[in-house]
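Report on the structure
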There are 2 protein chains.
Amino acid sequence: MRHPLQARLRAVLTGPTDSAHDAAHGDRVYRNALSIAADAEPVDDVVLICACYLHDLVTLPKNAPNRAEASRLSAEQAVPILRDLQLGEPQIYATQHAIIAHSFSAKVEPVTLEAKIVQDADRIDSLGAIGLARVFAVSGALNRPLFDGEDPFAQARPFDDSTYAIDHFHEKLLRLPETMQTQAGKALASSRAQVLRDYLRMLADELGHAAPDW
Amino acid sequence: MRHPLQARLRAVLTGPTDSAHDAAHGDRVYRNALSIAADAEPVDDVVLICACYLHDLVTLPKNAPNRAEASRLSAEQAVPILRDLQLGEPQIYATQHAIIAHSFSAKVEPVTLEAKIVQDADRIDSLGAIGLARVFAVSGALNRPLFDGEDPFAQARPFDDSTYAIDHFHEKLLRLPETMQTQAGKALASSRAQVLRDYLRMLADELGHAAPDW
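Not measured: the values here are computed from a predicted model.

**What to know about the nonpolar core**
- Residues Phe 136 and Phe 169 of chain A together with Phe 136 and Phe 169 of chain B are the most contacted members of the largest nonpolar core, which totals 129 residues.
- Discounting residues that sit within four places of it in the chain, Phe 169 of chain B has contacts with Leu 132, Val 135, Phe 136, Leu 174, Leu 196, Tyr 199, Leu 200 and Trp 214 of chain B.

Following this line, the structure appears as structure tokens:
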């Protein structure tokens, strides 16, 4: 999966960042994107790799009031980097669109194939074995409990994923496959969502609770 | 698994604490202990439940220089609570021994069956589905990366579990089954360690690396 621009894009992401959005996240998103693109019509591989690595150039804390602006700020701050990498204006615009549209909270529909692939590839990184690690790391960083000790699967209380990591499986993660923009993305997301469901079943067993039917 | 003392012991743990050592951790350790005790000679169930809930009464950060003292401090601070619960001196001593000996860093060998069970039960909570959640939550809380993006399974570098969460699987978690004090604890630990190995295989697959043979 080597690309001539990859080393320079990774270098941009080596500054201080949280563990969910470091260069390794860029690597995984790009890897997912290549796997999806292999099944699709031809894409602009320069736009694809630049958007994969720079989509989280600006990250704001989960609880920041202006969090919805992060993807626009990332697109803005990507411009000098993209110029430096010798992209022309059309490729810069296309990369910016993919960066902005990847985010849930930006509420911008991806209209190019590259933007659709980047959005899918990024969401897939919230699923599977890597998604499990990320959801618990975020929860630990915010010093939130992993689950409600009394009612871990919210059978007798409202879901609350701003408090409990496990609630986030129901509120967001397991819904990701239905938001996929591409067929290959949907297939990959579904198999990675199954990893989370298998995990919930094991967790329920260890806690002595019935497994949730999420 | 209701015990007359359980509600009062849980109430002691409702203060501010990290998500790996809250009342739910006490519940799980007690649940593991009951499962191990069911296979063993009769135990003092009051000592067992008190040590399960109070073993982490004092927790110090992972990087605190006096971390080895935490289990002794827990045993000291447990005394007024145990008196309040009407335990006599022999039960208080036995509970204190189990609390002190549960810890790796205290370097005190557990000599009673209750202390052996508590040590096993606590270590088992670092394995399985719940152990996965805990290792990544701790890593996130310390703002450490989940793994080395270049070499996630340390094939060409020394292991370093003070930096990478995944290295902790090799350095500590997967070695826990061989430290078990009881037969039932060893069986439970081995099946929970297998959950971690299965996880590593899935993670390797997602990252495009060969699975480690840990």
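**Comments concerning the environment of Gln 155 of chain A**
- The residue Gln 155 of chain A is located in the loop between helix 7 (128-141) and helix 8 (165-171) in this model.
- On a C-alpha basis, the gap between Gln 155 of chain A and Phe 169 of chain A in space is 14 Å, while along the polypeptide they are 14 residues apart.

**Things to note about the relation of the copies chain A and chain B**
- Screw-axis analysis of chain A against chain B gives a translation of 0.0 Å along the axis, an RMSD of 0.0 Å, and a rotation angle of 180°. The superposition operator between the copies reduces to a two-fold rotation axis.

**Looking at the interface of chain A and chain B**
- Taken together, the 35 residues of chain A in the interface contact 35 residues of chain B.
- Of all residues in chain A, Ala 129, Leu 146 and Glu 206 of chain A give up the largest surface area on contact with chain B, accounting jointly for 22% of the area buried on that side.
- Our count for the contact surface shared by chain A and chain B stands at four salt bridges.
- Where Glu 150 of chain B meets Arg 10 of chain A, a salt bridge forms, and the shortest distance between an N and an O atom there is 2.6 Å.
- Summed over the shared surface of chain A and chain B, the number is ten residue pairs in polar contact (both at pLDDT 80 or more).
- Of all elements in the fold, only helix 2 (23-37), helix 7 and helix 9 (183-207) of chain A reach the threshold of two or more residues within the side of chain A that touches chain B.
- Considering every element that reaches the side of chain A that touches chain B, the biggest residue donor is helix 7 of chain A, with ten residues.
- Among the residues making up the side of chain A that touches chain B, the classes are represented as 17 nonpolar, seven polar and eleven charged.

**Brief notes about the packing of aromatic side chains**
- For the structure on display, the rule yields twelve aromatic pairs over all chains.
- Taking 6.2 Å as the distance between ring centres and 25° as the angle between the ring planes, the aromatic pair formed by Phe 169 of chain A and Tyr 199 of chain A counts as stacked. Residue Phe 169 of chain A is located in helix 8, and its partner Tyr 199 of chain A is located in helix 9; the two are separated by 30 residues in the primary sequence. Here the two residues Phe 169 of chain A and Tyr 199 of chain A agree in accessibility, since each one is buried.
- Their ring planes at 65° and their centres at 5.5 Å tell us that Phe 159 of chain B and Trp 214 of chain B sit as a pair that is edge-to-face. Of this pair, Phe 159 of chain B sits in the loop between helix 7 (128-141) and helix 8 (165-171) while Trp 214 of chain B sits in the segment after helix 9 (183-207); the two residues are 55 residues apart in sequence, bridging distant segments of the chain.
- Residue class for Trp 214 of chain B comes out buried when judged on its relative accessible area of 18%.
- Taken together, the ring pairs in this structure connect Phe 136, Phe 169 and Tyr 199 of chain A into an aromatic cluster.

**Here we look at the pattern of salt bridges**
- Enumeration according to the criterion identifies 20 salt bridges over all chains in this entry.
- With its nearest N and O atoms 3.9 Å apart, the salt bridge here joins Arg 192 of chain A to Glu 206 of chain B. Of the two residues, Arg 192 of chain A is situated in helix 9 and Glu 206 of chain B in helix 9; the pairing between them involves two chains. An identical accessibility class is assigned to Arg 192 of chain A and Glu 206 of chain B; each is buried.
- Taken together, the shared-partner salt bridges in this structure form one network comprising Arg 10 and Asp 27 of chain A together with Glu 150 of chain B.

**Section: helix 7 of chain B**
- The end-to-end C-alpha distance of helix 7 of chain B is 20 Å, a good match for the 20 Å that 14 residues give at a rise of 1.5 Å each.
- In terms of residue burial, helix 7 of chain B counts as a mostly covered element, since twelve of its 14 residues are buried.
- Considered for burial, the residues of helix 7 of chain B that qualify are Gly 128, Ala 129, Ile 130, Gly 131, Leu 132, Ala 133, Arg 134, Val 135, Phe 136, Ala 137, Ser 139 and Gly 140 of chain B.
- Next to the buried residues of helix 7 of chain B lie helix 7 and helix 9 of chain A together with helix 2 (23-37), helix 6 (113-124), helix 8 and helix 9 of chain B.
- One or two positions beyond helix 7 of chain B, positive phi appears at Asn 143 of chain B, with a value near 55°.

**Digging into the packing of helix 7 of chain A against helix 9 of chain B**
- Two elements in contact, helix 7 of chain A and helix 9 of chain B, have axes whose closest approach is 7 Å; the angle formed by their N-to-C orientations is 110°. In this view, helix 7 of chain A runs roughly perpendicular relative to helix 9 of chain B, as classed from their interaxial angle. Packed against helix 7 of chain A, whose contacting residues are Gly 128, Ala 129, Ile 130, Leu 132 and Ala 133 of chain A, the element helix 9 of chain B presents Tyr 199, Met 202, Leu 203 and Glu 206 of chain B at the interface.
- The residue makeup of the contact of helix 7 of chain A with helix 9 of chain B, split by class, is seven nonpolar, one polar and one charged.

**Examining the domain arrangement of chain A**
All names here are of chain A.
- Its domain assignment divides chain A into domain 1 (1-109) and domain 2 (126-214).
- The distance between the C-alpha centroids of domain 1 and domain 2 comes to 25 Å.
- Each partner contributes to the interface: domain 1 provides 13 residues, whereas domain 2 provides 13 residues.
- Buried surface at the junction of domain 1 and domain 2, both sides included, amounts to about 1,000 Å², of which 65% is carbon and sulfur.
- Looking at the side of domain 1 facing domain 2, the largest losses of area belong to Ile 36, Lys 62 and Phe 104, adding up to 44% of the total buried there.

**Structural notes on unusual backbone geometry**
- One non-glycine residue, Gln 86 of chain A, lies in positive phi territory at about 75°.
- With respect to the helices and strands, the residue Gln 86 of chain A is situated in the loop between helix 4 (70-84) and helix 5 (89-101).
- Since its relative accessible area comes to 67%, Gln 86 of chain A is described here as exposed.
- Unusually for a residue other than glycine, Ala 154 of chain B sits at a positive phi of about 55°.
- The topology assignment puts Ala 154 of chain B in the loop between helix 7 and helix 8.

Conventions used here
Counting restarts for each chain, with residues numbered from 1 along the sequence as it is written. Ligands are numbered from 1 and chains lettered from A, in the order in which they are written. Reporting of local features is limited, given that this is a predicted model, to residues whose pLDDT is at least 70; pairs of side-chain atoms are given and counted only at 80 or more, and all residues count toward the totals for whole chains, interfaces and linings. Heavy atoms from the whole structure form the basis of all side-chain values; hydrogens and water molecules are not counted. Only buried Ala, Val, Leu, Ile, Met, Phe, Trp, Tyr and Cys residues count toward a nonpolar core, and they belong to the same one when joined by side-chain atoms within 4.5 Å. A simple rule labels every residue: compare its accessible area, found with a 1.4 Å probe on the protein chains alone, to the largest value its type can have, and call it buried under 20%, exposed over 50%, or partly exposed in between. Here, two residues are considered to be in contact whenever any of their heavy atoms come within 4.5 Å of each other. Helix and strand labels come from DSSP, where a helix needs a run of H or I of at least four residues and a strand needs a run of E of at least two; each type is numbered from the N terminus. Least squares is the method used to superpose the copies, on C-alpha atoms of residues holding a pLDDT of at least 70 in both. Simply put, the buried area is the total loss of 1.4 Å probe accessible area from both parts when two parts are fitted together. We define a salt bridge as a contact between a side-chain nitrogen of Lys or Arg and a carboxyl oxygen of Asp or Glu at a distance within 4 Å. Nitrogen and oxygen atoms within 3.5 Å of one another constitute a polar contact, given that in protein one can donate a hydrogen and the other can accept it, and given that sequence-neighbouring residues count only through two side-chain atoms. When residues are grouped by polarity, Ala, Val, Leu, Ile, Met, Phe, Trp, Tyr, Cys and Pro land in nonpolar, Asp, Glu, Lys and Arg in charged, and all others, Gly among them, in polar. Any pair of Phe, Tyr and Trp rings, taking the six-membered ring for Trp, is counted once the centres come within 6.5 Å. Such a pair is stacked with planes under 30 degrees apart, edge-to-face with planes over 60 apart, and tilted for the rest. To estimate the expected span of a helix, subtract one from its residue number and multiply by 1.5 Å. Orientation is described by axes fitted as lines to C-alpha atoms, over the contacting stretch for helices, and by angles from 0 to 180 degrees between their N-to-C directions. The labels follow the angle: roughly parallel below 35 degrees, roughly antiparallel above 145, roughly perpendicular from 65 to 115, and oblique for the rest. Segment limits for the domains were obtained from an automatic or database-derived domain assignment.

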